[in-house]
Number of protein chains: 2
Amino acid sequence: MTETQCREALSGHSYGRLAFALEDGPTILPVNYAYVEGAIVIRTASGSKLASVPMTTVAFEVDEIAPDHMSGWSVLARGHAFDITTAIDELSETLRELPFMPWLHGEKGHVIKINVREVSGRQFS
Amino acid sequence: MTETQCREALSGHSYGRLAFALEDGPTILPVNYAYVEGAIVIRTASGSKLASVPMTTVAFEVDEIAPDHMSGWSVLARGHAFDITTAIDELSETLRELPFMPWLHGEKGHVIKINVREVSGRQFS
(Lines give C-alpha, C1' and ligand atoms only; values in the text may rest on other atoms or scores of the structure.)
Protein backbone atom coordinates (compact mmCIF):
# COMPACT_ATOMS: atom_id res chain seq x y z
CA MET A 1 0.00 0.00 0.00
CA THR A 2 1.20 3.51 -0.78
CA GLU A 3 1.63 6.12 1.92
CA THR A 4 -1.51 7.87 0.63
CA GLN A 5 -3.53 4.67 0.88
CA CYS A 6 -2.25 4.07 4.39
CA ARG A 7 -3.21 7.56 5.55
CA GLU A 8 -6.62 7.20 3.90
CA ALA A 9 -7.14 3.98 5.81
CA LEU A 10 -6.25 5.78 9.02
CA SER A 11 -8.70 8.60 8.40
CA GLY A 12 -11.44 6.21 7.27
CA HIS A 13 -11.51 4.32 10.55
CA SER A 14 -12.00 5.14 14.20
CA TYR A 15 -10.90 2.01 16.02
CA GLY A 16 -7.41 0.58 16.29
CA ARG A 17 -4.78 -0.81 18.63
CA LEU A 18 -2.04 1.10 20.35
CA ALA A 19 1.22 -0.57 21.42
CA PHE A 20 3.80 0.95 23.69
CA ALA A 21 6.69 -0.18 25.82
CA LEU A 22 6.42 -0.47 29.57
CA GLU A 23 9.28 -1.36 31.89
CA ASP A 24 8.30 -5.01 31.95
CA GLY A 25 7.65 -5.32 28.21
CA PRO A 26 5.29 -4.13 25.50
CA THR A 27 1.53 -3.80 25.87
CA ILE A 28 -1.40 -3.39 23.45
CA LEU A 29 -4.69 -1.60 24.01
CA PRO A 30 -7.69 -1.25 21.71
CA VAL A 31 -8.71 2.40 21.35
CA ASN A 32 -11.10 4.70 19.58
CA TYR A 33 -9.31 7.47 17.78
CA ALA A 34 -9.54 10.26 15.27
CA TYR A 35 -6.97 10.96 12.56
CA VAL A 36 -6.56 14.69 12.05
CA GLU A 37 -3.84 16.58 10.17
CA GLY A 38 -1.37 13.71 10.24
CA ALA A 39 -1.94 12.87 13.87
CA ILE A 40 -3.78 10.14 15.74
CA VAL A 41 -5.78 11.55 18.64
CA ILE A 42 -6.92 9.38 21.54
CA ARG A 43 -8.96 10.42 24.54
CA THR A 44 -8.53 8.40 27.69
CA ALA A 45 -10.38 8.18 30.97
CA SER A 46 -8.37 9.16 34.03
CA GLY A 47 -6.82 6.19 35.74
CA SER A 48 -7.09 4.04 32.63
CA LYS A 49 -4.19 2.00 31.38
CA LEU A 50 -3.85 4.52 28.61
CA ALA A 51 -2.73 7.05 31.15
CA SER A 52 0.53 5.07 31.30
CA VAL A 53 1.37 5.61 27.62
CA PRO A 54 4.97 6.83 27.58
CA MET A 55 5.71 10.07 25.77
CA THR A 56 8.01 8.40 23.29
CA THR A 57 7.66 6.40 20.04
CA VAL A 58 4.52 4.26 19.99
CA ALA A 59 2.90 2.02 17.39
CA PHE A 60 -0.67 2.10 16.17
CA GLU A 61 -2.40 -0.45 13.97
CA VAL A 62 -5.67 -0.49 12.03
CA ASP A 63 -6.87 -3.43 10.01
CA GLU A 64 -9.81 -5.00 8.27
CA ILE A 65 -9.73 -8.76 7.98
CA ALA A 66 -12.27 -11.02 6.29
CA PRO A 67 -14.11 -13.40 8.63
CA ASP A 68 -12.16 -16.36 7.22
CA HIS A 69 -8.88 -14.53 8.02
CA MET A 70 -7.68 -15.22 4.51
CA SER A 71 -7.76 -11.68 3.13
CA GLY A 72 -7.66 -8.11 4.34
CA TRP A 73 -5.31 -5.26 4.98
CA SER A 74 -3.35 -3.84 7.86
CA VAL A 75 -1.78 -0.42 8.36
CA LEU A 76 0.92 0.31 10.91
CA ALA A 77 1.67 3.87 12.01
CA ARG A 78 4.49 4.94 14.26
CA GLY A 79 5.30 8.21 15.87
CA HIS A 80 5.94 10.14 19.02
CA ALA A 81 3.16 10.43 21.61
CA PHE A 82 2.37 13.74 23.27
CA ASP A 83 0.00 14.45 26.12
CA ILE A 84 -2.00 17.47 24.94
CA THR A 85 -4.47 17.43 27.83
CA THR A 86 -3.47 20.90 28.94
CA ALA A 87 -1.63 22.23 25.88
CA ILE A 88 -2.75 25.76 25.09
CA ASP A 89 -2.05 26.00 21.37
CA GLU A 90 -5.02 26.30 19.03
CA LEU A 91 -4.65 22.88 17.36
CA SER A 92 -4.56 21.09 20.71
CA GLU A 93 -7.68 22.93 21.80
CA THR A 94 -9.46 21.90 18.61
CA LEU A 95 -8.37 18.28 18.96
CA ARG A 96 -9.64 18.13 22.51
CA GLU A 97 -13.10 19.07 21.26
CA LEU A 98 -13.32 16.23 18.74
CA PRO A 99 -16.58 14.33 19.25
CA PHE A 100 -15.09 10.90 18.67
CA MET A 101 -15.60 9.58 22.18
CA PRO A 102 -18.81 11.30 23.24
CA TRP A 103 -19.37 9.02 26.20
CA LEU A 104 -16.34 10.53 27.87
CA HIS A 105 -17.51 14.10 27.52
CA GLY A 106 -17.47 15.86 30.80
CA GLU A 107 -15.01 13.38 32.22
CA LYS A 108 -11.56 14.67 33.03
CA GLY A 109 -9.54 12.44 30.74
CA HIS A 110 -6.18 12.67 29.08
CA VAL A 111 -5.86 13.48 25.42
CA ILE A 112 -2.91 11.91 23.63
CA LYS A 113 -1.72 12.92 20.20
CA ILE A 114 0.58 10.78 18.11
CA ASN A 115 2.40 12.60 15.34
CA VAL A 116 2.55 9.92 12.67
CA ARG A 117 6.11 9.84 11.37
CA GLU A 118 5.94 6.68 9.29
CA VAL A 119 3.19 4.48 7.92
CA SER A 120 3.28 1.15 6.17
CA GLY A 121 0.54 -1.12 5.04
CA ARG A 122 -0.03 -4.38 3.30
CA GLN A 123 -2.87 -6.23 1.72
CA PHE A 124 -3.01 -9.99 1.87
CA SER A 125 -5.22 -12.59 0.32
CA MET B 1 -12.68 -10.93 33.10
CA THR B 2 -11.25 -13.81 35.10
CA GLU B 3 -8.07 -15.57 34.05
CA THR B 4 -10.17 -18.56 32.93
CA GLN B 5 -12.36 -16.34 30.75
CA CYS B 6 -9.29 -14.72 29.26
CA ARG B 7 -7.71 -18.06 28.37
CA GLU B 8 -11.02 -19.30 26.94
CA ALA B 9 -11.13 -16.20 24.74
CA LEU B 10 -7.59 -16.97 23.55
CA SER B 11 -8.43 -20.58 22.69
CA GLY B 12 -11.72 -19.62 21.03
CA HIS B 13 -10.08 -17.34 18.48
CA SER B 14 -7.41 -17.65 15.84
CA TYR B 15 -6.60 -14.08 14.88
CA GLY B 16 -4.92 -11.44 17.00
CA ARG B 17 -2.22 -8.79 17.10
CA LEU B 18 1.34 -9.22 18.28
CA ALA B 19 3.36 -6.30 19.65
CA PHE B 20 7.07 -6.34 20.26
CA ALA B 21 9.88 -3.88 20.75
CA LEU B 22 12.34 -3.07 18.00
CA GLU B 23 15.35 -0.83 18.39
CA ASP B 24 13.48 2.16 17.03
CA GLY B 25 10.27 1.56 18.97
CA PRO B 26 7.36 -0.85 19.28
CA THR B 27 5.59 -2.48 16.35
CA ILE B 28 2.29 -4.35 15.89
CA LEU B 29 1.48 -7.14 13.46
CA PRO B 30 -1.80 -8.96 12.87
CA VAL B 31 -1.30 -12.72 12.99
CA ASN B 32 -3.13 -16.01 12.83
CA TYR B 33 -2.37 -18.18 15.81
CA ALA B 34 -3.30 -21.26 17.78
CA TYR B 35 -3.53 -21.38 21.56
CA VAL B 36 -2.26 -24.72 22.85
CA GLU B 37 -1.36 -25.75 26.39
CA GLY B 38 -0.96 -22.23 27.64
CA ALA B 39 1.05 -21.03 24.67
CA ILE B 40 0.33 -18.92 21.61
CA VAL B 41 1.81 -20.45 18.47
CA ILE B 42 2.45 -18.41 15.35
CA ARG B 43 3.83 -19.59 12.05
CA THR B 44 5.64 -17.10 9.89
CA ALA B 45 6.92 -17.04 6.37
CA SER B 46 10.66 -16.66 5.99
CA GLY B 47 11.67 -13.09 5.45
CA SER B 48 8.46 -11.74 6.91
CA LYS B 49 8.45 -9.02 9.52
CA LEU B 50 7.56 -11.65 12.06
CA ALA B 51 11.00 -13.12 11.60
CA SER B 52 12.25 -10.07 13.51
CA VAL B 53 10.27 -10.85 16.68
CA PRO B 54 12.78 -10.62 19.52
CA MET B 55 13.07 -13.62 21.84
CA THR B 56 11.97 -11.66 24.87
CA THR B 57 8.69 -10.52 26.43
CA VAL B 58 6.04 -9.72 23.83
CA ALA B 59 2.38 -8.72 24.01
CA PHE B 60 -0.54 -10.33 22.23
CA GLU B 61 -4.08 -9.00 22.00
CA VAL B 62 -7.39 -10.53 20.91
CA ASP B 63 -10.66 -8.64 20.87
CA GLU B 64 -14.19 -8.61 19.61
CA ILE B 65 -15.77 -5.21 19.20
CA ALA B 66 -19.30 -4.36 18.12
CA PRO B 67 -19.55 -2.47 14.81
CA ASP B 68 -20.58 0.69 16.66
CA HIS B 69 -17.41 0.38 18.81
CA MET B 70 -19.52 0.85 21.92
CA SER B 71 -19.24 -2.64 23.38
CA GLY B 72 -16.98 -5.64 23.26
CA TRP B 73 -14.08 -7.26 25.03
CA SER B 74 -10.33 -7.31 24.80
CA VAL B 75 -7.80 -9.77 26.19
CA LEU B 76 -4.11 -8.99 26.59
CA ALA B 77 -1.56 -11.78 27.01
CA ARG B 78 2.10 -11.33 27.74
CA GLY B 79 4.94 -13.76 27.81
CA HIS B 80 8.32 -14.75 26.50
CA ALA B 81 8.71 -15.61 22.82
CA PHE B 82 10.69 -18.63 21.70
CA ASP B 83 11.67 -19.69 18.20
CA ILE B 84 10.75 -23.39 18.04
CA THR B 85 11.42 -23.78 14.33
CA THR B 86 14.09 -26.39 14.91
CA ALA B 87 13.42 -27.45 18.51
CA ILE B 88 13.51 -31.24 18.81
CA ASP B 89 11.28 -31.80 21.85
CA GLU B 90 7.97 -33.59 21.29
CA LEU B 91 5.71 -30.61 22.09
CA SER B 92 7.54 -28.38 19.62
CA GLU B 93 7.21 -31.03 16.95
CA THR B 94 3.48 -31.29 17.62
CA LEU B 95 3.04 -27.51 17.54
CA ARG B 96 4.83 -27.25 14.23
CA GLU B 97 2.26 -29.62 12.70
CA LEU B 98 -0.74 -27.52 13.72
CA PRO B 99 -2.95 -26.92 10.69
CA PHE B 100 -3.80 -23.33 11.57
CA MET B 101 -1.99 -21.73 8.67
CA PRO B 102 -2.42 -24.35 5.95
CA TRP B 103 -1.44 -21.99 3.14
CA LEU B 104 2.07 -21.92 4.51
CA HIS B 105 2.46 -25.69 4.49
CA GLY B 106 5.51 -26.73 2.64
CA GLU B 107 7.03 -23.30 3.05
CA LYS B 108 10.08 -23.02 5.24
CA GLY B 109 8.76 -20.65 7.87
CA HIS B 110 9.59 -19.88 11.44
CA VAL B 111 7.40 -21.11 14.25
CA ILE B 112 7.22 -18.88 17.30
CA LYS B 113 5.79 -19.93 20.62
CA ILE B 114 4.81 -17.47 23.32
CA ASN B 115 4.52 -18.93 26.80
CA VAL B 116 1.67 -16.88 28.25
CA ARG B 117 2.74 -15.72 31.69
CA GLU B 118 -0.01 -13.22 32.39
CA VAL B 119 -3.42 -12.48 30.93
CA SER B 120 -5.87 -9.71 31.60
CA GLY B 121 -9.14 -8.85 29.97
CA ARG B 122 -11.94 -6.38 30.15
CA GLN B 123 -15.42 -6.03 28.81
CA PHE B 124 -16.79 -2.63 27.97
CA SER B 125 -20.18 -1.37 26.98
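Calculation notes
Residues numbered from 1 in each chain as written. Chains lettered and ligands numbered in written order. Predicted model: local features only at pLDDT ≥ 70, side-chain atom pairs only at ≥ 80, totals over all residues. Heavy atoms only, no water. Helix = DSSP H or I, 4+ residues; strand = E, 2+ residues; numbered from the N terminus. Least-squares fit on C-alpha atoms with pLDDT ≥ 70 in both. Contact = heavy atoms within 4.5 Å. Buried < 20%, exposed > 50% of the residue type's maximum accessible area, 1.4 Å probe, protein only. Pairing = 2+ DSSP bridges. Phe/Tyr/Trp six-rings, centres within 6.5 Å; stacked < 30°, edge-to-face > 60°. Buried area = accessible area lost by both parts, 1.4 Å probe. Salt bridge = Lys/Arg side-chain N within 4 Å of Asp/Glu carboxyl O. Polar contact = N/O pair within 3.5 Å; in protein donor to acceptor, adjacent residues only side chain to side chain.

1. Concerning the environment of Ile28 of chain B
- Position of Ile28 of chain B relative to the elements: it lies in strand S2 (residues 25-32).
- For the pair Ile28 of chain B and Leu18 of chain B, spaced ten residues apart in the sequence, the C-alpha separation amounts to 5.5 Å.

2. Points about the relation of the copies chain B and chain A
- Expressed as a screw transformation, the operator carrying chain B onto chain A has a rotation angle of 180° and an axial translation of 0.0 Å, and the superposed copies differ by an RMSD of 0.0 Å. As the rotation angle and translation indicate, the two copies are arranged about a two-fold axis. Among all residues of chain B, the minimum C-alpha distance to the rotation axis is found for Ala19 of chain B, at 3.2 Å.
- The fraction of interface residues of chain B whose copies in chain A are also interface residues reaches 97%, indicating that both copies meet through the same surface.

3. Structural notes on the pairing of strand S5 (residues 57-65) of chain A
All names here are of chain A.
- Within S5, seven of the nine residues are buried, leaving the element largely enclosed by the surrounding structure.
- Pairing analysis gives three bridges linking strand S1 (residues 15-22) to S5, with the strands arranged antiparallel. Opposite Leu18, over in S5, you have Phe60 as the bridge partner.
- Note: S5 against strand S6 (residues 72-83), nine bridges, orientation antiparallel. For Thr57, the partnering residue across the bridge sits in S6 and is His80.

4. A look at the packing of aromatic side chains
Residue and element names in this part refer to chain A.
- Inspection of every chain in the model, using the stated rule, returns two aromatic pairs over all chains.
- Ring plane angle 70° and centroid distance 4.7 Å describe the contact between Tyr33 and Phe60, whose orientation is recorded as edge-to-face. Linking Tyr33 in the loop between strand S2 (25-32) and strand S3 (34-36) with Phe60 in strand S5, this pair joins segments that are 27 residues apart in sequence.

5. What about the interface of chain B and chain A?
- Contacts between chain B and chain A engage 31 residues on the former and 30 residues on the latter.
- For the pairing of chain B and chain A, the buried interface totals around 2500 Å² over both sides, and the portion due to carbon and sulfur atoms is 57%.
- Among the residues of chain B in contact with chain A, Pro26, Ile28 and His69 of chain B are the three that bury the most area, contributing 26% of the side total.
- On the surface where chain B and chain A come into contact, there are six salt bridges.
- Remark: the boundary between chain B and chain A carries ten residue pairs in polar contact (both at pLDDT 80 or more).
- Going through the elements one at a time, strand S1 (15-22), S2, strand S5 (57-65), strand S6 (72-83) and strand S7 (110-124) of chain B are the ones with two or more residues in the side of chain B that touches chain A.

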